[in-house]
Amino acid sequence: MNATPLDEAQKAAGRRAARAIDALRRGWPIGVEADGERLNLLPVETGMLAEALPSSGTASLLISASRADTLKLLNQFSAADPSLPIQISLPAPVSAAEIIAIVDPVLDMQYPLKGPFRSEPLSNPQAAKAAMELARQGGLLPAFLIVDDAEDQLQAEDAAAYADSNALAISAHARLPVAANSEAHIYGFRSDADATDHVALVVGKRDETTPVVRLHSECLTGDVLGSLKCDCGPQLHAALEQMGEASWGVLLYLRQEGRGIGLINKLRAYALQDQGFDTVDANQRLGFAIDARDFSIAARMLELLNIPKVKLLTNNPEKVAGLEASGVTVEERLPVKIAANPHNEFYLDTKRDRTGHQL
């Protein structure tokens, strides 16, 4: 857990990625460069497609490999690396509505017939892969229209610098009495490029014992609105109660909504669940990993709090593996027992069946 301070080159790379992500969210094209070649891309979700689509010839799209699989496209051009996106071409003219129907799985039942289109070799595999990561970081559908020019430019390797957990630092600290324990302090964490603020709540009076720690990914619908579709809210409050009963504990509140896919994409996943897909299938149909969270962020927060060893309050063995891979010793895993309700019983059963654990 010894983070290396970022040098100026790494900071500059992170800032270029931050500017690119901001451009994507605003619907502006970006140019991603790798091996001396630039790939110019317009985000399908936010871009002005009607103005960018050609009136003749072909239009080329980048979509995720999992989305291509849903569309029954063979991944013959990236079989060596399934994380690579797929490039497809469509005969022009093609409308913006047709493009959106291709990339948004929520519309599949409304527009079941798509095409004709074909997969083609990736113009720039490294740049294409970096662009898909930038889309995920921005909470956007991982889909791009290949265009001729872009004002905002970056290197493919800059994408990795954006969310580098080594850049996290404590930005603020205050006393915060909470219902679970009036002896509590809150810490805010911020990094140079990523504008996301993470929070740690230290519950109880710190001593020499190993703290009870909970890694809790932000869930607006469950934590704040009381959604019955998941068990996030009850798990959060149960964890705080268990910390209150222990000598001391730490809640790491990670701003990784929807298991790392973002709030809007999580709402799309909800819509897919209403169509009959489970949580795992919904994430994959959207073009994301089953779990896109970065547990190195939690490890960095613990390092900054000088906590090298924890008792981890979780039902998810992947959190244990994620922390230990980042240098944190997990002395014990403590389960969180939450009763299901009629609205989330299928959700919890799905999590156990498909991934071996609950969220």
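Rules behind the numbers
- Residues numbered from 1 in each chain as written.
- Predicted model: local features only at pLDDT ≥ 70, side-chain atom pairs only at ≥ 80, totals over all residues.
- Heavy atoms only, no water.
- Helix = DSSP H or I, 4+ residues; strand = E, 2+ residues; numbered from the N terminus.
- Contact = heavy atoms within 4.5 Å.
- Salt bridge = Lys/Arg side-chain N within 4 Å of Asp/Glu carboxyl O.
- Buried < 20%, exposed > 50% of the residue type's maximum accessible area, 1.4 Å probe, protein only.
- Pairing = 2+ DSSP bridges.
- Axes fitted to C-alpha atoms, helices over the stretch in contact; angles between N-to-C directions.

Asker: Report on the environment of Ser247, specifying residues and quantitative values.
Answerer: Mapped onto the elements of the fold, Ser247 is located in the loop between helix H8 (232–245) and strand S12 (248–254). Between the C-alpha atom of Ser247 and that of Thr209, which follows or precedes it by 38 residues, the distance is 7.4 Å. Not counting residues within four places of it along the chain, the set of residues in contact with Ser247 comprises Gly204, Lys205, Asp207 and Thr209.

Asker: Talk me through the pattern of salt bridges; I want residue IDs and the actual numbers.
Answerer: What the rule picks out here adds up to 15 salt bridges. A salt bridge links Glu45 to Arg268; the nearest nitrogen and oxygen atoms lie 2.9 Å apart. Taken together, the residues span a long stretch of sequence, with Glu45 in the loop between strand S2 (37–43) and helix H2 (49–52) and Arg268 in helix H10 (residues 263–274) at a distance of 223 residues. Using a relative accessible area of 29% as the deciding quantity, one classes Glu45 as partly exposed. With a shortest N-O distance of 3.5 Å, Glu331 and Lys309 are connected by a salt bridge.

Asker: Outline the sheet that holds strand S1 (residues 30–34), supporting the account with residue identities and numerical values.
Answerer: Pairing in this open sheet of seven strands is mixed, and the strands run S5-S4-S3-S6-S2-S1-S7 from one edge to the other. In this open sheet, the two strands that pair with only one neighbour each are strand S5 (118–120) and strand S7 (152–155). Each strand of the sheet is rotated relative to its neighbour by a mean of 35 degrees, with strand direction disregarded. Where strand S4 (residues 86–91) meets S5, three bridges bridge the pair, whose relative direction is antiparallel. Among the inter-strand pairings, Gln87 is bridged to a residue of S5, identified as Glu120. Its contacts with the sheet put helix H1 (residues 8–26) on S1, S2, strand S6 (143–146) and S7, and the angle it makes with S7 is roughly 135 degrees. Across the sheet, helix H5 (residues 125–137) lies against S1, S2, strand S3 (58–63), S6 and S7, angled at about 135 degrees from S1, the strand it touches most.

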